[in-house]
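# Structural overview for review
One-letter residues, chain by chain:
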Amino acid sequence: MIEIPNAEKGKVVVRFAPNPSGYLHIGHARAAVLNDEIAKQYNGKLILRIEDTDPGRVDEEAYSAIEYDLKWLGVEWDMKIIQSDRLMTYENFAEQLIEQGNAYVCNCEQEKFRALKSGKMPCPHRNLSIEENLKNFERMHTEDGWTVRIRTNLNEPNPSLVDFPLLRASKEIHPRLKNKNLTLYPLMNLSVAVDDHLLGITHVLRGKDHLTNTEKQKFIYKYFGWNEPNFIHYGIMSIGSEGKISKSEIKKGIDEGKFIGWDDVNLLTLRALKRRGINPQAIRNYMLNLGIKDVDIEFSEEALYFENKKFIESSFRYFFIEDPVGLTIENFPNMLVKFPLHKEHTYGFRTFNLVPENNKIGLLIQKSDGKKLKEGDEIRLMNTCNVRIKKTDVTTGNIVADYVEDSHGPMVEINGKKGEKKKFHNILKVLWLPEKENLPVKIYLPKRTAAGVCELVCKNLKENALIQFETFGFCRVDKIKDNMIEFYFTQR
């Protein structure tokens, strides 16, 4: 149970309020999950509020993308509002503040205003009469460069709280509204305070980085005589590589071809995590474990993977050979090899019927293993048998070995006779696949792409299937082509 103050079952109203400047990322998931969980635990309501009153930070794709990602995350909202539909509401409240004498209209240049503020001096417009300020307010509809500022204390210790802006006039075209005329857009603190009041928000859950915004919004509540909601500030969750979540950096990277899209494997957007095969409940569990403590933390991919592994641990196992080289084994018997699809579950087996030609069998092993070999080494083909290296040349892929008799394990049958479980100490164990029966594979990982081959039986997999390549990691089937499968790497 998430403990919040002054909470009454059936009367709690919370909100999740993203900006549609891009797709949601792992940072957004914390606020979305915690607010959703509070609404559910207290039989309350969750409002989805799209905060799109800064036209320069609006991506038209993001409106539908936000809803898609939230539904995937299991977030259920009771009402949705879009702030760009409510511009007149914010304008009316700004006008009321002017009429009260608690706000004024200013067109000072930023540098001049900043200098006056630092000297604790009033702006020339601050001392105009209410009537003059209302006339200037009307001019905002036809003249660019005007701003409505709230009247606070010039001696505020925190400079950002001094006469901060509430509403501005702009000629910038809103991608959703397609407006062509000068438009009055609210700044975040005006629209948020107004909507939180009108929508009956009882608890505002946000990060500590919004503490100053909370103080700003309290001025608006005070001037209108509204009851404040319960403000709850949790610790900041920092993310090591901001490039994985920064919407501007991601957009730039997509435009420059650095990323294939918002679901690129290198990103921490929810869409990218979904494509990699991260379970949405794992994300919810991770965020719920963090809770609403005010301690700052750093996002841990390892902790997320720990939660996710609970959902994917039972995936089928297969072999994947990255960057394969050939291994020819001489004096090789007819051999039937069976590998379980999972060591702890009775899912069945994958079967390899190894039939040599002229007493030789051709296999593939990983080039990284091949580089470790030298003449005379004895190695173990994973869960199968031992071979002794006779000749090795990794650059040409010419590695030749001899079969070592009486070394096959219990998963192997030779002429109907099963081997025995044996322990081989200090011996290199290598993955292998038949040279002629395999399927080309690409696996997209953060920072690189792995190419190689996997078991031929993988051709029966379906898109979105989650499997584990032994010694490599869990992967999600992304695309199945005629002669190749593309995977997205999930985790180790």
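I will try to describe carefully the structure that is included in this document.

What counts, and where the lines are drawn
- Residues numbered from 1 in each chain as written.
- Predicted model: local features only at pLDDT ≥ 70, side-chain atom pairs only at ≥ 80, totals over all residues.
- Heavy atoms only, no water.
- Phe/Tyr/Trp six-rings, centres within 6.5 Å; stacked < 30°, edge-to-face > 60°.
- Helix = DSSP H or I, 4+ residues; strand = E, 2+ residues; numbered from the N terminus.
- Buried < 20%, exposed > 50% of the residue type's maximum accessible area, 1.4 Å probe, protein only.
- Salt bridge = Lys/Arg side-chain N within 4 Å of Asp/Glu carboxyl O.
- Pairing = 2+ DSSP bridges.
- Core = buried A, V, L, I, M, F, W, Y, C linked by side-chain atoms within 4.5 Å.
- Contact = heavy atoms within 4.5 Å.

Quick look at the packing of aromatic side chains now. With the rule as written, the count across this model stands at 19 aromatic pairs. Taking 5.9 Å as the distance between ring centres and 90 degrees as the angle between the ring planes, the aromatic pair formed by Phe 472 and Phe 489 counts as edge-to-face. Pair noted here: Phe 472 is in the loop between strand S27 (466-469) and strand S28 (473-480) and Phe 489 is in strand S29 (residues 485-491), with a separation of 17 residues, a long-range link. Phe 489 carries the same exposure label as Phe 472, and that label is buried.

The tally for this structure, following the rule as stated, stands at 33 salt bridges. Here Arg 176 makes a salt bridge to Asp 85, at a shortest N to O gap of 2.9 Å. In this pair, Arg 176 is assigned in the loop between strand S6 (165-170) and strand S7 (183-186) and Asp 85 in the loop between strand S3 (79-82) and helix H3 (87-100), connecting sequence segments 91 residues apart. Judged by its relative accessible area of 53%, Asp 85 falls in the exposed class. Beyond isolated ion pairs, a larger network of salt bridges with shared partners links Asp 36, Glu 37, Lys 40, Glu 76 and Arg 284.

Attention now goes to the sheet that holds strand S22 (residues 417-418). Strand order in the open sheet made by the four strands is S16-S15-S21-S22, with antiparallel pairing throughout. The open sheet terminates on both sides in strands that have one partner only, identified here as strand S16 (349-354) and S22. Bridge count for strand S21 (residues 412-414) against S22 is two bridges, and the pairing is antiparallel. Following the sheet pairing, Ile 414 is matched in S22 by Lys 417.

So, about the nonpolar core. Counting 45 residues, the largest nonpolar core has Ile 26, Leu 73, Ile 283 and Met 287 as the members making the most contacts within it. Among the secondary structure elements, those contributing two or more residues to this core are strand S1 (13-16), helix H1 (26-41), strand S2 (45-50), helix H2 (60-72), strand S9 (230-234), helix H9 (270-276), helix H10 (280-290) and helix H11 (301-312). Setting aside residues no more than four positions away along its own chain, Ile 26 makes contact with Met 237, Ile 239, Ile 245, Leu 268, Leu 270, Leu 273, Ile 283, Met 287 and Phe 299. Within the second largest apolar cluster, 33 residues are counted, among which are Ile 321, Leu 354, Leu 364 and Val 430.

So yeah, pure geometry; function would need other evidence.
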